[in-house]
Amino acid sequence: MDNESGAIEAGAVLLLFFLAAVLSGVTLFAASGITYFQRTKNDFNEKMEAQKLLEAIVDDMQELKIYPFDDRQNAVLDKLRITYDQYSLEITDVSSGYHLDFLSDEDLHDRLIVEYLFLNGNTSAFIRWRDENGLSSSTEKWREFIREEALSACVACGWIPVSQINSFAYRTVSASWAEGRTENLFPLVNDFPVMNVNMVAPEIFKPLIMRNAFKIEKAAEKFETLKNKLLAGPVMDSDMASILNIPLSHMLFGYLGTKTAFWKISFVFPGLGVVEGITAAIPKKDGRRQEIEEYRLIDRRFIP
């Protein structure tokens with residue numbers, strides 16, 4: 001934690017902190033309270049009021065759980081923006097995309113994924129850097145390895161896919177917690193899809209649909225059909241399954257879904273500046289696909 005700004009790093013550090021909080025029962029307030037009490041009384045009171053507002057917004061987000069898909073025009077999100085319009089509220093998806101640390105070893109050797117993401121279609125420099133520096137908390141640290149056009153397709157927040165235990169992130173986390181059983185690393189490791197197709201440009205997931213290992217017949221043609229469907233409006237899992245002619249049990253659905261895992265909440269609080277929070281969709285353990293137990297605030301920071 002940054003004792004000057006009250007910020008908690010996002011991405012890998014955020015997730016490790018969150019897991020620690022879940023396992024030890026430490027709350028967000030308790031983890032950061034010492035920082036606040038070192039401030040002046042006025043500063044403390046303003047931040048407490050901003051914190052209450054942030055928590056109220058998260059409470060209002062709980063209604064999102066009942067929707068089978070999230071998109072930019074979702075009624076709940078629109079209602080939130082109207083309700084908190086005086087604070088210039090913005091809510092954005094920060095988890096739909098490629099988190100390089102979460103990619104499996106197979107992903108990092110897949111030709112289409114590598115050519116789409118990495119400079120010169122080569123992952124060796126990134127892998128060496130990653131092994132030396134550990135988990136990343138910012139996509140900016142990847143800039144020297146990623147194609148400029150693909151940087152916006154990368155994210156620093158996300159759940160570790162249970163299907164990706166052959167990944168750098170899973171190996172690091174399981175070693176840190178001396179825990180090799182995925183069920184004991186829940187919710188950090190779960191089966192929530194990597195990206196919400198309704199919140200990203202279709203070109204981002206084209207390499208996945210075209211992936212030879214997924215054996216989708218006439219993949220290029222079907223991608224164009226799905227792309228056009230998305231340009232017309234949001235889709236559900238059943239739409240994707242029908243268009244691509246694959247069952248919901250297909251490996252592709254470990255990557256592609258219709259719900260967002262992590263949201264960034266941003267608003268302007270008078271006298272304080274910009275307040276940002278990260279809200280996680282906590283999957284329901286042993287629940288249905290993309291079933292959410294709750295939205296939980298797991299990070300916040302104040303930007304003067």
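Okay, so let's go over this structure.

**Focus: empty space enclosed by the protein**
Now for step 1: A full pass over the atoms with the stated rule returns two cavities of 30 Å³ or more.
Now for step 2: Quantified by volume, the largest cavity comes out at close to 140 Å³.
Now for step 3: Taken together, 17 residues form the lining of the largest cavity, with Gly97, Phe102, Trp159, Pro161 and Val194 sitting closest to its centre.
Now for step 4: Partitioned by chemical class, the residues of the lining of the largest cavity number 12 nonpolar, five polar and no charged.

**Details of the sheet that holds strand 1 (residues 90-93)**
Whenever strands of a sheet pair, they do so through backbone hydrogen bonds, lying parallel or antiparallel.
Now for step 1: Pairing is antiparallel across the open sheet formed by four strands, whose spatial order is 1-6-7-8. Because the sheet does not close on itself, it has two edges, and the strands there are strand 1 and strand 8 (292-303). If you compare each strand with its neighbour and ignore which way they point, the axes differ by 25° on average.
Now for step 2: As paired strands, strand 1 and strand 6 (residues 262-269) are joined by four bridges and run antiparallel to one another. Bridge pairing in strand 6 places Glu90 opposite Ser266.

**Quick notes on the nonpolar core**
Now for step 1: Within the largest apolar cluster, 42 residues are counted, with the highest numbers of intra-cluster contacts made by Leu117, Phe205, Leu208, Ile209 and Leu256.
Now for step 2: For Leu117, the residues in contact, after removing those within four places along its chain, are Tyr98, Leu100, Leu103, Phe145, Ile146, Arg147, Ala150 and Cys154.
Now for step 3: Counting 36 residues, the second-largest nonpolar core is a separate cluster that includes Phe192, Phe262, Leu297 and Ile298.

**Description of helix 4 (residues 75-83)**
Now for step 1: Of the positions making up helix 4, those classed as buried are Val76, Leu77 and Leu80. Along the long axis of helix 4, the arc covered by the buried residues comes to 95°, so they all point the same way. With respect to the buried face of helix 4, the exposed residues turned more than 90 degrees away are Lys79 and Ile82.
Now for step 2: The N-cap residue of helix 4 is Asn74: its side-chain oxygen and the backbone nitrogen of Val76 are 2.7 Å apart.

**What about the layout of surface pockets?**
Now for step 1: One number sums up the size of the second largest pocket: a volume of about 270 Å³.
Now for step 2: Together, 15 residues line the second largest pocket, and Tyr67, Pro68, Arg289, Gln290 and Glu291 are the ones closest to its centre.
Now for step 3: Its residues placed into classes, the lining of the second largest pocket shows six nonpolar, three polar and six charged.

**A closer look at the side chain of Asn190**
Now for step 1: Mapping Asn190 onto the fold places it in strand 3 (residues 189-190).
Now for step 2: Overall, the relative accessible area of 4% leaves Asn190 in the buried class.
Now for step 3: One polar contact links the side chain of Asn190 to the main-chain amide nitrogen of Phe192, over a distance of 2.8 Å.
Now for step 4: For Asn190, the contacting residues outside a window of four places in its chain are Trp159, Ile160, Pro161, Val162 and Pro283.

**Brief notes about helix 9 (residues 219-232)**
Now for step 1: Given a rise of 1.5 Å per residue, 14 residues ought to cover 20 Å, and the 20 Å separating the end C-alpha atoms of helix 9 matches this to within 8%.
Now for step 2: Along helix 9, the residues that are buried comprise Ala219, Lys222, Phe223, Leu226 and Leu230. Buried residues of helix 9, viewed axially, fall in a sector of 105°; they line one side. Turned more than 90 degrees from where helix 9 packs its buried face, Glu221, Leu231 and Ala232 sit exposed.
Now for step 3: On its buried side, helix 9 packs onto helix 8 (206-209) and helix 10 (237-244).
Now for step 4: Gly233 sits one or two residues past helix 9 and shows a positive phi near 160°.

**Remarks on the packing of helix 9 against helix 10**
Now for step 1: Helix 10 packs onto helix 9 with a crossing angle of 150° between their chain directions and a minimal axis gap of 9 Å. Comparing their axes, helix 10 and helix 9 come out roughly antiparallel. As helix 9 packs across helix 10, the resulting crossing turns out to be right-handed. Along its contact with helix 9, which presents Lys222, Thr225, Leu226 and Lys229, the element helix 10 presents Asp239, Met240, Ile243 and Leu244.
Now for step 2: Residues of the contact of helix 9 with helix 10, tallied by class, amount to four nonpolar, one polar and three charged.

Rules and cut-offs
- Residues numbered from 1 in each chain as written.
- Predicted model: local features only at pLDDT ≥ 70, side-chain atom pairs only at ≥ 80, totals over all residues.
- Heavy atoms only, no water.
- 1 Å grid on protein atoms, 1.4 Å probe; cavity = no way out; pocket = protein on both sides within 12 Å on 5 of 7 lines; lining within 4 Å.
- Points joined across faces, edges and corners; volume = space filled by probe spheres on them.
- Nonpolar A, V, L, I, M, F, W, Y, C, P; charged D, E, K, R; others polar.
- Pairing = 2+ DSSP bridges.
- Helix = DSSP H or I, 4+ residues; strand = E, 2+ residues; numbered from the N terminus.
- Axes fitted to C-alpha atoms, helices over the stretch in contact; angles between N-to-C directions.
- Core = buried A, V, L, I, M, F, W, Y, C linked by side-chain atoms within 4.5 Å.
- Buried < 20%, exposed > 50% of the residue type's maximum accessible area, 1.4 Å probe, protein only.
- Contact = heavy atoms within 4.5 Å.
- Arc of directions from axis to C-beta.
- Polar contact = N/O pair within 3.5 Å; in protein donor to acceptor, adjacent residues only side chain to side chain.
- Expected span 1.5 Å × (residues − 1).
- Parallel < 35°, antiparallel > 145°, perpendicular 65-115°, else oblique.
- Left-handed = near helix turned anticlockwise from the far one by under 90°.

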